[in-house]
Amino acid sequence: MSPLTLALPSKGRLMEQAEALFARAGLNIRRIGSERGYRGIMEEAGIEVAFLSASEIAQSLKDGAVDLGVTGEDLLREAMPPEDPRTQVLLRMGFGPADVVVAVPECWLDVATMADLDEVAVAYHQRHARRLRVATKYIGLTRRFFAAKGVTGYRIVESLGATEGAPATGTAEVIVDITTTGSTLKANHLKILDDGVILKSQAVLAATKMAAAHPSTAALIAKLSAAL
Amino acid sequence: MAGRTPEEREALSQTGTQVLAHFTNAGFQHISPDILQPADIFLDRSGEEIRARSFVFTDPSGVELCLRPDLTVPACRYHLTHAAKADQESRYCYCGPAFRFDPETATADEIDQAGLEWFAAPDREASEAQVLALAVQAIEAAGVKDFTIRIGDLGLFSSLLDSIAMPARWQRRLAHQFWRPKAFHELLLQLTGSKTRTLTTISPRIDALGDGDAESFVEETLARETLPLVGGRSIAEIAGRLSEKAKDRKATPLSAEDAKRMDAYLAISGTPETCAEQIATLGLDVSAFNRRLDLLQQRGIAPSRLHFSAVFGRSLEYYTGLVFQIETADGTQLAGGGRYDKLLQDIGSPVPVPAVGLAIHTEKLTMASKS
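Residues numbered from 1 in each chain as written. Chains lettered and ligands numbered in written order. Predicted model: local features only at pLDDT ≥ 70, side-chain atom pairs only at ≥ 80, totals over all residues.

1. Some thoughts on the environment of B:Ala259
All names here are of chain B. Its location among the elements puts Ala259 in helix α11 (residues 256-266). A count of 18 C-beta atoms within 10 Å places Ala259 in the partly exposed class. Here the alpha-carbon distance between Ala259 and Leu132, two residues 127 residues apart in the chain, equals 33 Å. (Helix = DSSP H or I, 4+ residues; strand = E, 2+ residues; numbered from the N terminus. Buried ≥ 20, exposed ≤ 12 C-beta atoms within 10 Å, placed from the backbone.)

See the structure below:
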């Protein structure tokens, strides 16, 4: 059997915390080539390592380009809904907590729930002759969550940074974004809807269907679980 | 699909030509709406959901375009561009592909359609009867004899809502949730008071407002809490909804009897004549419904051939009145259509334009006529 490939984040806190956990589990990653190399090997586990950006990891799992991956659940679920048979989450790793939430301007004193937002969307369309806009980088998560809540009359505006500023700058009325403490939202005078938490995310180890059944994977999970 | 063979192409084009000839003989002008359409119109009309089912892309200058997911909106745009006045009576027909993506199977579909749209017809029921009759005749002319005609009438549901005394906001909410049976039922329970209202984070605001003036309440609250007015809605819009919510608390709940009437209406299905009697006993005016049946009979379509269902049309948010669908015995949808009186205004007409139309799936019709 050829060795499995594990994708790890190539930079940032997610990378540091993942490497620390692997080290505690006695799994050292030896980088191949230069210090900045993008390949590595975990000799104890017989697993090859590829360093990718966190968002590429979800897509690579989806495409089957890697077998295992550590990434944020938010990014994984953005690429694939939980019922997608191609991958499964094997381990929740206990770091990188963040919620993906629906937030509206605090000045909307009349809006507390997704049902309110649905009504506002209808009224907004009638009054302004255009759809309420939702700024987000989580297009897939937003669409699925809004559809499940029965909210249809809105448009997504793709936002690749500083999403929380969109209502103030007038590029969107509502946002779907990630938050840890809520302080950025508060500073931008936004509030999370009562039933507006789309996902309570953290770092996860996910595997393709094939890799989930692989013997090396079981050994890896056992060591990581013990180190958690 | 990797393309059509010469025989398949010929058969499909023949079906299209025959259906179109049938429509042009009835006085409909053959037009060719654009395949490339501005995405905005579709997204603003149908909301984000359409994006998941359409091919939306950006042109080199950055404008969002889409491959037309249907031909109705493109025909409406054609009309608004070419007609001297938006509410000038016009009859158009067309034939060509529409492009849709099926998110569940992740496949692209090219759907060949021949259809017609009739704008600002002076006689509502007569135009509806003729449109439905044209669909039936086109299918019969293709040699398909075994099919069912399902009809619904969204106008009847609106008149049911109008007949019940309740705050305008409740009526809007019920009309909006009609498309989602589960949410509709929940809302009904809430409005009849059978379900206790859940407290939300804005409940204290509504308590604080009480009978007071909502606009000054909103202004004062924003000033006191130094909340900037962002997000595109005015103080009046926010205050308007807040005061409706406050009034809701004092409004008499919907009576159990009225809720029962709504449930009773939604349960009606069967032959249209029996249904019309049942609808009449609920106190609704069925004269237009019966007149439409008479006009269909005159065009050779006996009411006994139709199957009415009060909930039919629940998945087609854009219709406002008659809605119909023609299916083969195995459930293949050959044609569908109905009345959509709000669409032209939604996409830019300065005046309301009543509209009724239909589309026939020429590929499915070709296959059905061979079997």
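2. A few points about the sheet that holds strand β3 (residues 56-58) of chain B
Residue and element names in this part refer to chain B. Within the open sheet, the three strands sit side by side as β2-β4-β3. Their pairing is antiparallel. Across the chains shown, the open sheet's two edge strands, defined by having one partner strand only, are β2 (36-38) and β3. Sheet twist, expressed as the mean angle between neighbouring strand axes with direction ignored, is 40°. In this sheet, strand β4 (residues 64-67) lies alongside β2 in antiparallel orientation, the contact comprising three bridges. Residue pairing for β4: Pro38 is matched across the bridge by Leu65. (Pairing = 2+ DSSP bridges. Axes fitted to C-alpha atoms, helices over the stretch in contact; angles between N-to-C directions.)

3. Quick look at the nonpolar core
One finds B:Leu116, B:Ala135, B:Ile139, B:Ala335, B:Ala355, B:Leu358 and B:Ile360 to be the most contacted residues of the largest nonpolar core, which totals 73 residues. Those residues in contact with B:Leu358, other than ones at most four positions away along the chain, are B:Gly115, B:Leu116, B:Val131, B:Leu134, B:Ala135, B:Ala335, B:Gly336 and B:Gly337. (Core = buried A, V, L, I, M, F, W, Y, C linked by C-beta atoms within 7 Å. Contact = placed C-beta atoms within 7 Å.)

4. Structural notes on the domain arrangement of chain A
Residues and elements named next belong to chain A. Annotation of chain A at the domain level lists domain 1 (4-96 + 202-227) and domain 2 (98-200). Centre-to-centre separation of domain 1 and domain 2, based on C-alpha positions: 31 Å. With six residues of domain 1 at the interface, the matching set in domain 2 holds eight residues. Taken together, the residues of the side of domain 1 that touches domain 2 sort by class into one nonpolar, one polar and four charged. (Domains from an automatic or database assignment. Nonpolar A, V, L, I, M, F, W, Y, C, P; charged D, E, K, R; others polar.)

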